[in-house]
Amino acid sequence: MKILMVAAEYAPLAKTGGLADAVAGLSGALRERGHDVRVLLPKYPFLPPPGYSLRTAGDTGGPFEELVGERPGPRVYLLEADEFAVNTKVYAGNERDAASFMRLSRGTVELPGNVGWQADVVHCHDWHTALVPALLRARPDRRANSSGTQRAGTTRSEHVQERAPRCLLTLHNVGYQGIFPEEIIERRGYAELGALRDEAERSARTVNFLKLGIRYADALTTVSPTYAREIQLPEFGMGLEDVLRARRSDLSGILNGVDYREWSPETDPFLEPHYTRPNLDGKRRIKSALSAALDLPDDGAPLIGVVTRLVWQKGIDLLAAALPALLENTPARFALLGSGDAELEQSLADLAAHHPARVAFRRGYDEALAHRILAGADFIAVPSRYEPCGLTQLYALRYGTIPIVRATGGLADSVRAFDPGSGTGNGSVFEHADAEGLIWAVSTALGWFGDAALWPQLVNNAMQADFSWAHQAPEYEALYRQLSS
Ligand code: ADP
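Attention now goes to the pattern of salt bridges. A complete count under the given rule lists 25 salt bridges for this structure. In this structure, E32 and R261 form a salt bridge, with 3.5 Å as the shortest nitrogen-oxygen distance. Here E32 is found in helix α1 (residues 18-32), whereas its partner R261 is found in the loop between β11 (251-253) and α12 (281-293), with 229 residues between them in sequence. Taken individually, E32 and R261 each receive the classification exposed, so the pair is uniform in this respect. D198 is the partner of K211 in a salt bridge, and the nearest nitrogen-oxygen pair spans 2.9 Å.

Pasting the structure below:
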């Protein structure tokens, strides 16, 4: 099948979080399964990265370029536009993002006429590209060649106009919807979207990109079965629960996969040494080196890692609230890596300053350190209030690093509470989003750590995890088939 992926992020070219890993992992796996997968991204000012070059895509003189690089993988088109030239990062975090991603969405509709290739399925991700189905709906003439850069009636445009693509929207996180004042749609030349909005948007005088996508996409997926159910409830739907319930027969949950070339103890490019079950000497050496690098003593005490964006969603305030009791009552040490809300950063920095031998906090985004924490720690804590899929717990399992998680979304679908009686399960799980729940889950997990019989069993269970994209991609493939049949 011919599949066009459109997204704001794509690892490693443009990444701020799990979205980038998910889009790249799925695209690569589908390509390996023989599909013609192409990716459309904005031409951010930091693209192309070193080692890559660009060539014009198609012969229309349009705004699309193709990335040429050493890494094998799907073909990547970059859309050049003034809107992308102003931001030095993926997101500006303000209304400029609306202009950028409107442009990307329109570019998606214009791509076939420019590069002479029409997808069977356009797969959009999150609010950034959620206008694509609405634009396809609003302007059937945009379904193929509408850029005006190619003469109508040429063989190519006839060919690409044969059939409009089907459109799948994946919801990676409904907490980010792209809600903007309605003026933006007229000012930017997208007046046709105004009429597609629902009553709530009209009376609030706003446009909600994600809601439009949910209403007009041919099908919807989200990134875990549990999150697919949760977002139909007011507690998790962030105001979209009604539109999501209305489309529940078109909504399914498919857990994200993992690229184990990047994220496994045998091949992780950031790790030295590598290790393989059941010999975990390498893991112990990584823990020692990590502890030294973080100025933490390495005396056999359990090490709990956290690698995350520091936002309300991730329950980091619960962790900060739980830490004093955990430091008082357990021997655990903490290796924390993250950036985000200034207040959360400050609370972790304060804890580290007060307990330098127990808590290390590195502020910022550090890919290498993320890998070393996920491999070198004994536990990884993910106390999220909600978690559509969550990748760090999937990565941690493979390294034999035991996840301590809240039972929500993809965390609930990938981590099962360890049962010392039967020896089944792969982590520690708590139900309620409060400090007590987290303290209980950490204390329970620490109880297994010292146990010569239980611990190897638990680590062994964890390391058997196989969430590779090779398993998950066929689920998307089945959906694409259904959509385009
Ligand atoms: P989300 O997409 O909500 O941020 P996920 O768990 O799905 O959460 O994905 C997070 C991804 O971003 C993982 O690959 C994780 O290792 C990475 N990550 C998060 N914070 C950092 C950081 N401070 N430094 C390096 N990598 C990070």
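That shown, we press on.
This part is about α12. Over its 13 residues, α12 runs 19 Å from end to end, which matches the ideal 18 Å to within 8%, given 1.5 Å per residue. By the burial criterion, the buried members of α12 are G282, K283, I286, K287, L290 and S291. Residues of α12 that are buried make contact with β12 (303-310), α15 (367-376) and α18 (435-449).

To continue, consider the nonpolar core. Counting residues in hydrophobic clusters, the biggest one holds 88 residues, and the most contacted among them are M5, L40, L169, L171, L210, I214 and Y480. Looking at this core, the element that brings in the most residues is α1, giving eight residues. Sequence-distant contacts of L169, that is, excluding residues within four places in its chain, are made with C124, H125, D126, A130, L210, G213, I214, A217, A219, L220 and T221. In this structure, V223, L290, L374 and A381 belong to the second largest nonpolar core, which totals 73 residues.

This next bit is on the site of the ligand. In the region of the ligand, 18 residues are neighbours, and G18, R309, K314, G364 and L391 sit closest. A distance of 2.8 Å is found between an oxygen atom of the ligand and a side-chain nitrogen or oxygen belonging to K314. One of the backbone N or O atoms of L391 is found 2.9 Å from an oxygen atom in the ligand. Of all the secondary-structure elements, those providing two or more residues to the shell around the ligand are α1, β12, β13 (333-340) and α16 (392-398).

In spatial order, the strands read β14-β13-β12-β15-β16-β17; together these six strands make up an open sheet with parallel pairing. A single partner strand is all that each edge strand has here, and the edge strands are β14 (359-363) and β17 (428-430). Adjacent strand axes in the sheet meet at a mean angle of 15 degrees, parallel and antiparallel pairs treated alike. Across two bridges, the pairing between β12 and strand β15 (residues 379-382) is parallel. The partner of G305 across the bridge, within β15, is I380. Contacting β12, β13 and β14, helix α13 (residues 316-329) crosses the sheet at an angle of about 155 degrees to β12. Here α18 sits on the sheet in contact with β12, β15, β16 (402-406) and β17, set at roughly 165 degrees to β17.

What counts and what doesn't
- Residues numbered from 1 in each chain as written.
- Predicted model: local features only at pLDDT ≥ 70, side-chain atom pairs only at ≥ 80, totals over all residues.
- Heavy atoms only, no water.
- Salt bridge = Lys/Arg side-chain N within 4 Å of Asp/Glu carboxyl O.
- Helix = DSSP H or I, 4+ residues; strand = E, 2+ residues; numbered from the N terminus.
- Buried < 20%, exposed > 50% of the residue type's maximum accessible area, 1.4 Å probe, protein only.
- Expected span 1.5 Å × (residues − 1).
- Contact = heavy atoms within 4.5 Å.
- Core = buried A, V, L, I, M, F, W, Y, C linked by side-chain atoms within 4.5 Å.
- Near = heavy atom within 4 Å.
- Polar contact = N/O pair within 3.5 Å; in protein donor to acceptor, adjacent residues only side chain to side chain.
- Pairing = 2+ DSSP bridges.
- Axes fitted to C-alpha atoms, helices over the stretch in contact; angles between N-to-C directions.

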